[in-house]
Every structure is written in structure tokens, then in C-alpha cells.
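A look at the structure
Residue strings, one per chain:
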Amino acid sequence: MQQLKTDEYWMERAIALAAQAEAKDEVPVGAVLVKDGELIAEGYNYSIGLCDPSAHAEMQCLRVAGQVLENYRLLDTTMYVTLEPCAMCAGAMVHSRIKRLVFGAADEKTGAAGTVMNLLQHPNLNHQLQVEGGVMAEACSEQLSNFFKRRRKEHKAKKQQKG
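In this report, the structure presented in the accompanying data block is examined. (Residues numbered from 1 in each chain as written. Predicted model: local features only at pLDDT ≥ 70, side-chain atom pairs only at ≥ 80, totals over all residues. Heavy atoms only, no water.)

1. Some remarks on the packing of helix α1 (residues 2-23) against helix α5 (residues 137-162)
Closest axis-to-axis distance for the α1/α5 pair is 10 Å, and the angle between their directions is 10°. Taken as axis vectors, α1 and α5 run roughly parallel relative to one another. For the pair α1 and α5, the contacting residues are Met-11, Ile-15, Ala-18, Ala-19 and Glu-22 in the first and Ala-139, Cys-140, Gln-143, Phe-147 and Arg-150 in the second. Its residues assigned to classes, the contact of α1 with α5 shows 7 nonpolar, 1 polar and 2 charged. (Axes fitted to C-alpha atoms, helices over the stretch in contact; angles between N-to-C directions. Helix = DSSP H or I, 4+ residues; strand = E, 2+ residues; numbered from the N terminus. Parallel < 35°, antiparallel > 145°, perpendicular 65-115°, else oblique. Contact = heavy atoms within 4.5 Å. Nonpolar A, V, L, I, M, F, W, Y, C, P; charged D, E, K, R; others polar.)

Right, here's the structure in full:
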């Protein structure tokens, strides 16, 4: 029960970061990295603004964490992210040796933590993460769904204005 409360606490922070991404018209995904109960780094999607396909929330967080810990190995850390990581982000997590991943919403199209594939626990890789999915899944899914509904509505309105 205590672990669930801890996971929800940090997931709430990731949701707040996702809202920051949304405020910049980015896909609302937020990520937090924690070690020994302390915040090490955080990030949110910024691919559009930076014109960088690798600027996912997890990658932004990992870059900062490496600098903070002065090491590319992020041993004994937990990553909290609102959306199941893609293969790029999952691969970076394996390389950085993160101990545990906690994610909110499953990603039916690109999820690499068990939904489409499970890169994080692949037996042929040199490191496997502990994975906990579905933490605050409803809130995370709703945040994403609302964003895309709004975007579709805005797109439709622009099309109608053009006539």
C-alpha cells in the first residue's frame, strides 16, 4: 500500500508536467526520475517546439538526470511517466540502467513496456527493468484523450474557416 501511495505521488507530478507540455501545444506527456525518494530530474514532451523527434518527456528527463548525477548510469532510480514509453525511450532506459518504470496510460500503438512489445524486460538484453503499468491510468488517459479531442476540434474549425 505504501508503494502505491508513493507511485501516485510521483505520478501526480508527472501529470502536472504533462500539463506544461500541453500548455505549449505539445502532446501531454510528463516524466519524473526519483532516487531514494528524492526528485532527480523531470521532463515533458517538447518535440514540436524543439523540432527534435527525440525530445520525448522521458528523454528530456534522462538528459537532465545524467547531468545531475554526473553519470550516464542512473542506477537505483525509478522513472514515472504518464504514457507507456516508445521503443526509443525504452531503449534509453535500458542503457541508462534505470531500476524501475512506473507508467500511467498504456500506448496501444507504440508501447514498448508490454503493450505492443516489451523491450524493457527482453531476456536477450543486458538489463531488464521492473515495470509497473496502469498507475493512475484513467487520469493519464483522460489527459491525453482530451488533448487530442481538442486538437481535432481545432483542426476541424480551421478547415471550416477555409471553406
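After presenting the structure, the write-up continues.
2. Structural notes on the sheet that holds strand β1 (residues 30-35)
Within a beta sheet, neighbouring strands are joined by backbone hydrogen bonds and run either parallel or antiparallel to one another. A sheet is described by the order of its strands in space; here 5 strands give the open sequence β2-β1-β3-β4-β5, paired in mixed fashion. Strands with a single pairing partner mark the edges of an open sheet, and in this sheet they are β2 (38-44) and β5 (130-132). Strand-to-strand, the axes of this sheet are offset by a mean angle of 15°, without reference to chain direction. Strand direction decides the pairing type here: β1 and strand β3 (residues 77-83), joined by 5 bridges, are antiparallel. Paired with Leu-33 across the strands is Met-79, a residue of β3. Its contacts with the sheet place α1 against β1, β2, β3, β4 (100-105) and β5, and it is angled at close to 55° to β3. Sitting on the sheet, α5 is in contact with β3 and β4, with an inclination near 60° to β4. (Pairing = 2+ DSSP bridges.)

3. Re the pattern of salt bridges
Enumeration according to the criterion identifies 5 salt bridges in this entry. Linking Glu-42 and Arg-13 is a salt bridge whose minimum nitrogen-to-oxygen distance equals 2.8 Å. Residue Glu-42 is found in strand β2, and its partner Arg-13 is found in helix α1; the two are separated by 29 residues along the sequence. A residue is classified by how much of its surface remains accessible, and Glu-42, at 27% relative accessible area, is partly exposed. Overall, the relative accessible area of 29% leaves Arg-13 in the partly exposed class. Residue Glu-22 is joined to Arg-150 by a salt bridge in which the shortest nitrogen-to-oxygen separation is 3.8 Å. Of the two residues, Glu-22 is situated in helix α1 and Arg-150 in helix α5; the sequence distance between them amounts to 128 residues. In this structure, a network of salt bridges that share partners links the residues Glu-22, Asp-25, Arg-150 and Glu-154. (Salt bridge = Lys/Arg side-chain N within 4 Å of Asp/Glu carboxyl O. Buried < 20%, exposed > 50% of the residue type's maximum accessible area, 1.4 Å probe, protein only.)

Take it as geometry only, folks, not as evidence of what the structure does.
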